[in-house]
Amino acid sequence: MSDVTPPTGPESHRQLIPHRRGSGLVGRIILFACLAAALAYVGIAARQVMQGKEAVRQSEEQTVASAGLVTGSAHKVLTAAFTDKQGRLLADPPASETEWLNPDTLVVAHIEGDGTTPGASWAQWEARLAAATGKKVVDQVYTNSPDQVAAISAGKITLLALHAADAPFLVNNHGFQPLAVLGDASGINGHRLDLIVPAGSPIAKPADLRGHRLVCTVPGSVAGYRAAVAFLLRDQGLRPNVDYEVIWSTGMKRSINGIAEKKFEAAAVSDDKLKSMVASGALDASKFKVIYESPVIPRTTIGYFYNLEPALAEQLRKAILAPSPTTAPDELRFIPIDYKADFQFVRDVDDQFDPRFDAKTRHASPAE
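What comes next concerns the included structure. The model shown is predicted, which means the values in this text are computed figures rather than measured ones.

## Some details on the packing of aromatic side chains
- Summed over the entire model, instances satisfying the criterion amount to 8 aromatic pairs.
- Ring plane angle 75° and centroid distance 4.9 Å describe the contact between Phe-82 and Tyr-306, whose orientation is recorded as edge-to-face. You can see Phe-82 sitting in the loop between α1 (10-66) and β1 (105-110) and its partner Tyr-306 sitting in the loop between β13 (300-305) and α8 (310-321), a full 224 residues away along the chain.
- Looking at Phe-82, the relative accessible area reads 13%, which means it is buried.
- Residue classification places Tyr-306 among the partly exposed residues on the basis of a relative accessible area of 22%.
- Residues Phe-176 and Phe-305 carry aromatic rings whose centres are separated by 5.4 Å and whose planes lie at 50° to one another, so their mutual orientation is tilted. Taken as a pair, Phe-176 in strand β4 (residues 176-184) and Phe-305 in strand β13 lie far apart in primary sequence, 129 residues in all. The burial state of Phe-176 is the same as that of Phe-305; both residues are buried.
- Clustering of aromatic rings is evident, with ring pairs tying together Trp-122, Trp-125 and Phe-334.
- Cation over ring: Arg-347 sits above Tyr-339, and NZ or CZ is 5.2 Å from the ring centre.

## Brief notes about the nonpolar core
- In terms of nonpolar packing, the biggest core is built from 55 residues, with Tyr-142, Leu-160 and Leu-195 touching the most fellow members.
- Here the element with the most residues in this core is helix α5 (residues 222-236); it accounts for 9 residues.
- Residues in contact with Leu-160, not counting those within four places in the same chain, are Ala-109, Tyr-142, Ile-152, Leu-170, Phe-176, Thr-301, Ile-302, Gly-303 and Phe-305.
- Residues Leu-159, Ile-302, Leu-308 and Leu-316 belong to the second largest nonpolar core, which totals 21 residues.

## Topic: α8
- In this model, α8 (12 residues) spans 16 Å end to end at C-alpha, consistent with the 16 Å of a helix rising 1.5 Å per residue.
- Every buried residue of α8 is accounted for by Leu-312, Ala-313, Leu-316, Ala-319, Ile-320 and Leu-321.
- The inward-facing, buried residues of α8 abut β1, α2 (122-133), β3 (159-163), β4, β13 and β14 (333-336).
- For α8, the side-chain oxygen to backbone nitrogen distance between the N-cap and Ala-311 is 3.1 Å, and the N-cap itself is Glu-309.

## Topic: the sheet that holds strand β9 (residues 245-248)
- If you walk across this open sheet you meet the 5 strands as β9-β8-β10-β7-β11, and the pairing is mixed. Lying at the two open borders of the sheet, with one neighbouring strand each, are β9 and β11 (288-293). Taken pair by pair, the neighbouring strands of this sheet meet at an average axis angle of 35°, ignoring direction.
- Pairing geometry for strand β7 (residues 193-198) and strand β10 (residues 266-270), over 4 bridges, is antiparallel. Paired with Leu-195 across the strands is Ala-268, a residue of β10.
- Helix-sheet contacts for helix α6 (residues 252-260) involve β7, β8 (213-216), β10 and β11, and the interaxial angle to β10 is about 135°.

Procedures and definitions
Residues numbered from 1 in each chain as written. Predicted model: local features only at pLDDT ≥ 70, side-chain atom pairs only at ≥ 80, totals over all residues. Heavy atoms only, no water. Phe/Tyr/Trp six-rings, centres within 6.5 Å; stacked < 30°, edge-to-face > 60°. Helix = DSSP H or I, 4+ residues; strand = E, 2+ residues; numbered from the N terminus. Buried < 20%, exposed > 50% of the residue type's maximum accessible area, 1.4 Å probe, protein only. Lys NZ or Arg CZ within 6 Å of the ring centre and 35° of its normal. Core = buried A, V, L, I, M, F, W, Y, C linked by side-chain atoms within 4.5 Å. Contact = heavy atoms within 4.5 Å. Expected span 1.5 Å × (residues − 1). Polar contact = N/O pair within 3.5 Å; in protein donor to acceptor, adjacent residues only side chain to side chain. Pairing = 2+ DSSP bridges. Axes fitted to C-alpha atoms, helices over the stretch in contact; angles between N-to-C directions.

Okay, structure coming up:
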């Protein structure tokens, strides 16, 4: 047994106090260090989550952009070079007469294809135009090429007939003035975007396409692709290949038959192709249902440019809209339109989708 006796009394108590204080300080330092480490970890984790979300957001935006779409709600408007004092969404004529154009030769540029010709042919229609104006008329096919857009800027094209879906770009950037569209006694010659699904599908409205596949024809098709993805983004907030998947059929008939045969979940098609297949007996109307139909999209619009001499512009307007005494009721002719009212859906598509996307395919027939 040891003879050493531990100190007792007040002195011994005072000797133990420094040890207790020292150990408390060390504990607090350790606690603070742990807390700081925990906060740092949380901060790093939060930053990583934010970086991950930002990476996902950027990836989704790139996916949407690759489809030819732009996000946001801004409307495309006339460039700063133009004024619109009347609120028509069209450029006013130049104030100075020195900027007006009054060519001796009228250059008529027009698209080609089914449903794009007034009357029997462009040649016959242009002959009427020459007789009405007393000017020489030169014809050329319009393909919306960079050279032809440059010719427009240089004032080398007088009248232009093109796909209505391509008009807003020229209106806003080059002062194009859509005057009329092709039509007949029943109204505008055009088509509508129909979103269709197989009969019995649980997809009942456009919003239900989330998480599903939409078959489209080709990137250049209006009803078969562009109008569909633009409408779904603008009105439904659905982004292609993010909220739903786009697949391709390369043909309107393949898309429609694929729906009837339940090979596809949904399809973007032209209403006139759909109706013609039903009318011919090639398609059973009970095999599909329409979950959305757009306003009419005019096929061909014609107009001149903002800097054409006003008297000549008026002369051309009357000549273009004058009915031919030989025109049959079902024959296509130019009928007047109001760009602000009649091109609303076309402008909505253009706001969300750039018609110049994929120059190699954008000129597919509007019915494709």
